[in-house]
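# What the coordinates show
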Amino acid sequence: MYKLWRRWLPPVLAVVVFAILSLALLPHLGIQDDEVFFSYPIYSVPGAAAYNIRFFGHAIPLMALTYFGALKTWIYYVIFALAPPSRWSVRLPMVIAGAATIWLTWEWVRRIAGPRAAAFTVALLATDSIFILTNTFDWGPVALQHLLLVGGLAAMQLWLQRGGRRWLALAFFLWGLGLWDKALMIWDLAGLTVAVLCVYPRESWRALRLKTAGIAAVALIAGALPLIAFNVAHHGATAVSNTNLALVSIPDKLEELKAVFRGDVLFDNMVAATPAPIPREPATFIERVSVALNDQLGPQRTRPFLFALVLAGIGWPFLLRRRQGRILALLAIASVVAWLQMAANTGTGASAHHVI
């Protein structure tokens, strides 16, 4: 019984907490254009899709923009057929995607670092304000990116532990879907590739065989096939129109990175800036308590990020002899490489959702 509780209690609690917090926020904000950008091709808005194919006289959207695929459009075509567009029908599926991301994160971290590390990870993720807000309102959009990236990591770990090439194929198919959903996933995948080669060089070369490489390539191509078809038809438009290397804006992008890490980057995006005039007096008990707390504590815009970073740096050497030390190095390298790709490209990295 203890093993059962240890196996299921942390992810269940994390998912429940995330769901409660997300559902509490869900009905209160109006729909923002990023949230429903996917819907334009559904309603045949002229020029809404960057690339369509004809199928029995119907235009099937494959790409909404040169780097943004129609995967979410396909999903919501079915959802809107079952439930008319509303805040709930738009947002609830992405809350479910966020809950699935938390569960898959638990499975992945549990397998690579143990149940204790996994429990801490999902507890932090389920209560992280940025993760909650960007999944519930899918600003970016990022919810499917999170789900497909972590789903691929979990499947890859199952392949490494159990064998069975179906898990390898599933991992690369999910990453291919992620590239179709948003080609910017290439940042994460490139970061992970460099990190794995740096931290696990022997294991990587040992796992690399012609057959496994072929399976991975075919699965990745299958997932990203609409993106590939678009680029074949438009002479590599995804890379040509979205890649422009320049280093001059990196200092500004560093400031955006720090704002995301502090956690205050979304304060003015979804609610009025503080201080702001209160449009009416608080009426309910919760409103009165909220306003009273704000009056007593003042605007909460700063976090002890630098202090936490120093503590993390002090603690790092004590983990380097353990398995967790290599995992931390893997994640750090992957994050740095991913961010550098974004920072070196004009037009990306200066907005919070790219960093997120």
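What this report covers is the structure whose coordinates are included nearby.

What counts, and at which threshold
Residues numbered from 1 in each chain as written. Predicted model: local features only at pLDDT ≥ 70, side-chain atom pairs only at ≥ 80, totals over all residues. Heavy atoms only, no water. Buried < 20%, exposed > 50% of the residue type's maximum accessible area, 1.4 Å probe, protein only. Helix = DSSP H or I, 4+ residues; strand = E, 2+ residues; numbered from the N terminus. Arc of directions from axis to C-beta. Contact = heavy atoms within 4.5 Å. Salt bridge = Lys/Arg side-chain N within 4 Å of Asp/Glu carboxyl O. Core = buried A, V, L, I, M, F, W, Y, C linked by side-chain atoms within 4.5 Å. Axes fitted to C-alpha atoms, helices over the stretch in contact; angles between N-to-C directions. Parallel < 35°, antiparallel > 145°, perpendicular 65-115°, else oblique. Phe/Tyr/Trp six-rings, centres within 6.5 Å; stacked < 30°, edge-to-face > 60°.

## Thoughts on helix α11 (residues 225-233)
Since there are 3.6 residues in each turn of an α-helix, residues three or four apart along the chain are aligned in direction. Among all positions of α11, only Pro226, Leu227, Phe230 and Asn231 are buried. Buried residues of α11 fall within an arc of 135° about the axis and therefore sit on the same side. His235 sits one or two residues past α11 and shows a positive phi near 55°.

## A look at the side chain of Asn231
Relative to the helices and strands, Asn231 is located in helix α11. When its relative accessible area of 17% is taken as the criterion, Asn231 is described as buried.

## Some remarks on the environment of Glu287
Topologically, Glu287 is positioned in helix α15 (residues 285-297). For Glu287, a relative accessible area of 26% puts it in the partly exposed group. Not counting chain neighbours up to four residues away, the residues in contact with Glu287 comprise Arg280 and Pro282.

## Digging into the pattern of salt bridges
The full count for this structure, using the stated rule, is six salt bridges. The partner of Lys72 in a salt bridge is Asp138, and the shortest N-O contact between them spans 2.4 Å. Here Lys72 is found in helix α2 (residues 71-82), whereas its partner Asp138 is found in the loop between α5 (129-136) and α6 (143-162), with 66 residues between them in sequence. Neither residue differs from the other here; Lys72 and Asp138 are each classed as buried.

## Some points on the nonpolar core
Ranked by size, the top nonpolar core spans 63 residues in total, and within it Phe18, Ile102, Phe172 and Trp175 carry the most contacts. The element best represented in this core is helix α3 (residues 87-113), accounting for 10 residues. For Ile102, the contacting residues outside a window of four places in its chain are Ala14, Val15, Phe18, Val122, Leu125, Ala126 and Phe131. If you look at the next biggest cluster of nonpolar residues, it comprises nine residues, including Ile130, Leu133, Ala259 and Val265.

## Quick word on the packing of helix α10 (residues 210-223) against α11
A pair of packed helices is characterised by two quantities: the angle between their axes and the separation of those axes. Interaxial distance between α10 and α11 falls to 4 Å at its minimum, and their mutual angle equals 75°. Classed by the angle they form, the pair α10 and α11 counts as roughly perpendicular. Note on element contacts: α11 touches α10 through Leu225, Pro226 and Ile228, opposite Ile221, Ala222 and Gly223.

## As for the packing of aromatic side chains
According to the stated counting rule, one finds nine aromatic pairs in the structure shown. Look at Phe38 and Phe80: their rings are 6.0 Å apart centre to centre, the planes differ by 40°, and that puts the pair in the tilted class. Taken together, the residues span a long stretch of sequence, with Phe38 in the loop between α1 (2-25) and β1 (51-55) and Phe80 in helix α2 at a distance of 42 residues. Phe80 matches Phe38 in its accessibility class, with the two residues each being buried. Look at Trp74 and Trp180: their rings are 5.0 Å apart centre to centre, the planes differ by 75°, and that puts the pair in the edge-to-face class. A residue pair is termed long-range when its members are at least 10 positions apart, and Trp74 in helix α2 and Trp180 in helix α7 (residues 165-181) qualify at 106 residues. For Trp180, a relative accessible area of 3% puts it in the buried group. Through pairs of rings, three or more aromatic residues link up here, namely Phe37, Tyr40 and Phe68.

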